[in-house]
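Chains, contacts and geometry: an overview
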Amino acid sequence: MFNKKQKEIKRLGKKCERLERNLEDIKVENRELKEIRLLEVRNNAKILEQNNIKTELINSIEELVNSNKYNREDKILSKIKELVRDYQSNN
């Protein structure tokens with residue numbers, strides 16, 4: 001009876017050790033996933049900012065094209081080139 005209990009205690013001890021190792025592995029993986037998630041959030045913020053800048057550029061071009069009351073495509077094209085140059089020099 002005593003040997004049975006000792007074996008059971010030893011078996012449960014090994015099981016606890018395995019569970020502790022698994023728990024540590026899970027904690028490490030969780031920290032790594034949190035870091036990856038943080039990087040993804042930062043990257044998404046940068047992409048959103050770039051998209052907003054491009055949207056502003058497109059809106060400016062659209063406004064120029066729609067305001068062409070005197071059919072001066074050369075002036076509008078010149079202004080569009082200027083806007084694009086400005087955008088490219090900032091990026």
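Just above sits the structure.
I will try to describe carefully the structure that is included in this document. As the structure is a computational prediction, the values presented were derived from the model and not from experiment. (Residues numbered from 1 in each chain as written. Predicted model: local features only at pLDDT ≥ 70, side-chain atom pairs only at ≥ 80, totals over all residues. Heavy atoms only, no water.)

1. Looking at the nonpolar core
Leu57, Leu64, Ile76, Ile80 and Leu83 form the largest nonpolar core, which has 5 residues in total. Among the elements of the structure, helix 1 (2-66) and helix 2 (73-90) are those that each provide at least two residues to this core. Considering every element that reaches this core, the biggest residue donor is helix 2, with 3 residues. Beyond its immediate stretch of four places on either side in the chain, leucine 57 contacts Leu83, Val84 and Tyr87. (Core = buried A, V, L, I, M, F, W, Y, C linked by side-chain atoms within 4.5 Å. Buried < 20%, exposed > 50% of the residue type's maximum accessible area, 1.4 Å probe, protein only. Helix = DSSP H or I, 4+ residues; strand = E, 2+ residues; numbered from the N terminus. Contact = heavy atoms within 4.5 Å.)

2. Notes on helix 2
For helix 2, built from 18 residues, the straight-helix expectation of 26 Å at 1.5 Å per residue is met to within 8% by its first-to-last C-alpha distance of 26 Å. Of the residues making up helix 2, those classed as buried are Ile76, Ile80 and Leu83. Looking straight down helix 2, one finds that the buried residues subtend no more than 60° of arc, so they occupy a single side. Along helix 2, the residues that are exposed and aim more than 90 degrees away from the buried face are Lys75, Arg85, Gln88 and Ser89. Where the residues of helix 2 are buried, they touch helix 1. (Expected span 1.5 Å × (residues − 1). Arc of directions from axis to C-beta.)

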